[in-house]
6 protein chains.
Amino acid sequence: MKVSVTRRAHFNAAHRLHNPAWSDEKNREVFGLCNSPNFHGHNYELEVRVTGEIDPETGMVVDLGWLAQLIKREIELRFDHKNLNLDTAEFQSLIPTAENICLIVWRILRGHLPEKFELHIRLYETPRNFVEIG
Amino acid sequence: MKVSVTRRAHFNAAHRLHNPAWSDEKNREVFGLCNSPNFHGHNYELEVRVTGEIDPETGMVVDLGWLAQLIKREIELRFDHKNLNLDTAEFQSLIPTAENICLIVWRILRGHLPEKFELHIRLYETPRNFVEIG
Amino acid sequence: MKVSVTRRAHFNAAHRLHNPAWSDEKNREVFGLCNSPNFHGHNYELEVRVTGEIDPETGMVVDLGWLAQLIKREIELRFDHKNLNLDTAEFQSLIPTAENICLIVWRILRGHLPEKFELHIRLYETPRNFVEIG
Amino acid sequence: MKVSVTRRAHFNAAHRLHNPAWSDEKNREVFGLCNSPNFHGHNYELEVRVTGEIDPETGMVVDLGWLAQLIKREIELRFDHKNLNLDTAEFQSLIPTAENICLIVWRILRGHLPEKFELHIRLYETPRNFVEIG
Amino acid sequence: MKVSVTRRAHFNAAHRLHNPAWSDEKNREVFGLCNSPNFHGHNYELEVRVTGEIDPETGMVVDLGWLAQLIKREIELRFDHKNLNLDTAEFQSLIPTAENICLIVWRILRGHLPEKFELHIRLYETPRNFVEIG
Amino acid sequence: MKVSVTRRAHFNAAHRLHNPAWSDEKNREVFGLCNSPNFHGHNYELEVRVTGEIDPETGMVVDLGWLAQLIKREIELRFDHKNLNLDTAEFQSLIPTAENICLIVWRILRGHLPEKFELHIRLYETPRNFVEIG
């Protein structure tokens, strides 16, 4: 029987939504306030859900300590207290919408998780908006 | 890859659970306090989840500003600060349980959402009870 | 040293803000949507805070079981699943704003609490608005 | 159309993660602080989700009063204010991880729920960690 | 009898903690990650508490619609989706710590609130850190 | 002008309420389920509020990094994943009610905080009950 385990984490970052292929006018029209030239920011709250079978010896699906370290090393250290547009390799040519941040988080963690596990990511950009993948 | 985006909204309304085909006694037995004759009410918290593919030009699944306006126009204006039994067309002959309100919200929004998107609605009647459809 | 203990409770009720001494027009102007003629409603979340000294024999300021029963008997039974305007003696001639409901809750509980305790009431009308007395 | 209804409940319990087939050293290595010999504890928050069709006569999927009583009788009375390792039959030879507690809750409630309903359990061990089954 | 009414609001902004009178090294030592050169950001959640007497005609301490508009005009329009260091007059020579933002919010709103009311501001920089004034 | 800064922390612990000077019967009568012989437990959520003046050089009342380390070293290491009755010096002869735990936390932190600061502690035993001192 499949069991899912979810761990919460968080990081604070600045970003700006801007498509360089468009005029300033079109950017403002599509992205509204999120296109503000000098950036704004969010407390991103992250839920990492790993699904698999319970190991009968440990009673656990995955070692939560290992998972928490993985999230810290691969996500928090990379994005926390950063400007996503200026400071990270991932968003040099990718617009840092919540959708794209969630996708990048999914891809990074997927690459470090054994294949037998399913992975689902939920990312809150604000307490009122969130995005899910997986 | 499918991505889901969720937007929260809310409305405050009065309602009463009552099946006119039944005796008063049976109504009290089935609906308990929710059958109180002069209505009671709730802060309904709504989560509207739209699932689709990320548009590579915008980095977004759906324009959240458009979605927020749709929810405001079609749901909040219709139900906020209303008596669901007396003031709305939808619950003239449909009992306004959380299940039925959730179903009506799903049907209304489904009718305004492009077919390529999936739609899921979660409705909190109280912080301790919620209903989901889609 | 003074210690405060808080217990949460909740009740769901319908209400309408309306001053019968005013014209309908003035009522709509002052109370807006809250003046809707057929009532609307809320999940009222209540925090009852009792302040006193720790009893060295029990390690407690007040017996929380006793306090929970008091709130249930005096507040929840009186207001839960009620229409505050139509079903309660307290709001026959008092407008059931959050401020007045909070004041009534404070007065009722104050009358049942030993004098040595201070009493503070916080009432959430919605997750975004709350009122405090005491 | 399928509709899900969720009810929240909670219980407070002590537990210890320990596999008697292992050395003390291996237990400490695998379970860390959760292996503390004299137990620690949690406020377990439970979400019980029942999925089925809306009964057109009641407008409800399941009678929430019946469901709340079932959870109280079968889960809260069994586990609330208990030491899961010492006081319960279920965890005599099963390690009380969140995964296993969630599985046991699922099995107990599944046995009392009509077959036509699907059942999903979410169990929060802390506000930052939760487990899901079903 | 004094009654307090609280209204919640929010804004998203970027900021950087940096004292130009200090060396870069001292700035990093004192402000840590919050000194990141390209800014980071937060979802600031604001609670504005106004204390006064209940007006017997309206049953209200203050018109919440008026208060919500005041917060929108004076705080949200000024700070939402802005870079506090670069885009606002208030933080040209004042370090935008949560303490200083809270103080500025208090001063701005105090200037628009009738003298008979007391004002208290709570500002959440993250769900885990908040600041209060008044 | 006085400004308050609050930092959240948490620890998970087991406890039992029992006064050895009383009969078993009286203990059960006064403490109810909290007197269960084999302990139960809670996720204790802690809010540490420090009040003082803003340092004009840093824009801060107190270094939150320093405060977080202090709470970790003096409170979390002492109480997290412990049995309060069996594993801690503080509750050898003091009943570990929420009131007494809150008092002990206040006394420990007060002893490490410069005198110019005021200190207030809020301790959640469950999401529905909390205690405050200071």
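Residues numbered from 1 in each chain as written. Chains lettered and ligands numbered in written order. Predicted model: local features only at pLDDT ≥ 70, side-chain atom pairs only at ≥ 80, totals over all residues. Heavy atoms only, no water.

> Tell me what's going on with the packing of helix 2 (residues 64–79) of chain B against helix 4 (residues 98–110) of chain B, and back it up with residues and numbers.
All names here are of chain B. Closest axis-to-axis distance for the helix 2/helix 4 pair is 10 Å, and the angle between their directions is 140 degrees. In the crossing of helix 2 with helix 4, the sense of the turn from one axis to the other is right-handed. Contacts between helix 2 and helix 4 involve Leu70, Glu74, Ile75, Arg78 and Phe79 from the first element and Ile104, Val105, Ile108 and Leu109 from the second. The residue inventory of the contact of helix 2 with helix 4, partitioned by class, reads seven nonpolar, no polar and two charged. (Axes fitted to C-alpha atoms, helices over the stretch in contact; angles between N-to-C directions. Helix = DSSP H or I, 4+ residues; strand = E, 2+ residues; numbered from the N terminus. Left-handed = near helix turned anticlockwise from the far one by under 90°. Contact = heavy atoms within 4.5 Å. Nonpolar A, V, L, I, M, F, W, Y, C, P; charged D, E, K, R; others polar.)

> So what's going on with the interface of chain A and chain E? Residues and values would help.
Facing 24 residues of chain A, the contacting portion of chain E comprises 24 residues. For the pair chain A and chain E, the two sides together bury roughly 1,900 Å², of which 48% comes from carbon and sulfur. Looking only at chain A, the three residues that lose the most surface to chain E are Asn38, Asn43 and His81 of chain A, adding up to 32% of its buried area. The tally of links between chain A and chain E comes to two salt bridges. The salt bridge partner of glutamate 45 of chain A is arginine 128 of chain E, with a shortest N-O separation of 3.0 Å. Counting the contacts that link chain A with chain E gives 19 residue pairs in polar contact (both at pLDDT 80 or more). Of all the secondary-structure elements, those providing two or more residues to the side of chain A that touches chain E are strand 1 (3–15), strand 2 (40–52), strand 3 (82–83), helix 3 (84–87) and strand 4 (118–126) of chain A. Among the elements that take part in the side of chain A that touches chain E, strand 2 of chain A stands out by supplying five residues, more than any other. Considered class by class, the residues forming the side of chain A that touches chain E number seven nonpolar, 11 polar and six charged. (Buried area = accessible area lost by both parts, 1.4 Å probe. Salt bridge = Lys/Arg side-chain N within 4 Å of Asp/Glu carboxyl O. Polar contact = N/O pair within 3.5 Å; in protein donor to acceptor, adjacent residues only side chain to side chain.)

> How would you summarise the interface of chain D and chain A if you had to cite specific residues and measurements?
Counting from both sides, the interface comprises 19 residues of chain D and, opposite them, 19 residues of chain A. Of the roughly 1,600 Å² buried at the junction of chain D and chain A (both faces included), carbon and sulfur atoms supply 54%. Contact with chain A buries surface across chain D, with Glu99, Phe130 and Glu132 of chain D losing the most and accounting together for 34% of the total. The interface formed by chain D and chain A holds zero salt bridges in total. At the surface where chain D touches chain A, the tally comes to eight residue pairs in polar contact (both at pLDDT 80 or more). Residue assignment for the side of chain D that touches chain A shows that the elements contributing at least two residues are helix 1 (24–31), helix 4 (98–110) and strand 5 (129–133) of chain D. It is strand 5 of chain D that contributes the most residues to the side of chain D that touches chain A, five residues altogether.

> Give me the lowdown on the relation of the copies chain D and chain A, citing residues and values where you can.
Placing chain D over chain A gives an RMSD of 0.0 Å and needs a rotation angle of 120 degrees, together with 0.0 Å of translation along the axis. Such a combination of turn and shift is consistent with a three-fold rotation axis. Rotation axis and chain D: the residue whose C-alpha lies nearest the axis is proline 127 of chain D, separated from it by 8.8 Å. (Least-squares fit on C-alpha atoms with pLDDT ≥ 70 in both.)

> Let's hear about the packing of aromatic side chains: which residues, and what values?
All told, the structure shown has 30 aromatic pairs over all chains when counted by the stated rule. Here the aromatic rings of phenylalanine 11 of chain B and tyrosine 44 of chain B are separated by 5.1 Å at their centres, their planes lie at 20 degrees, and the arrangement is stacked. Taken as a pair, phenylalanine 11 of chain B in strand 1 (residues 3–15) and tyrosine 44 of chain B in strand 2 (residues 40–52) lie far apart in primary sequence, 33 residues in all. Considered together, phenylalanine 11 of chain B and tyrosine 44 of chain B belong to a single accessibility category, that of buried residues. By way of ring pairs, the aromatic residues Phe11, Tyr44, Phe79 and Phe91 of chain A are connected into one cluster. A cation sits over an aromatic face here: lysine 26 of chain B above tryptophan 22 of chain B, 4.4 Å from the ring centre. (Phe/Tyr/Trp six-rings, centres within 6.5 Å; stacked < 30°, edge-to-face > 60°. Buried < 20%, exposed > 50% of the residue type's maximum accessible area, 1.4 Å probe, protein only. Lys NZ or Arg CZ within 6 Å of the ring centre and 35° of its normal.)

In short, geometric facts, not functional conclusions.
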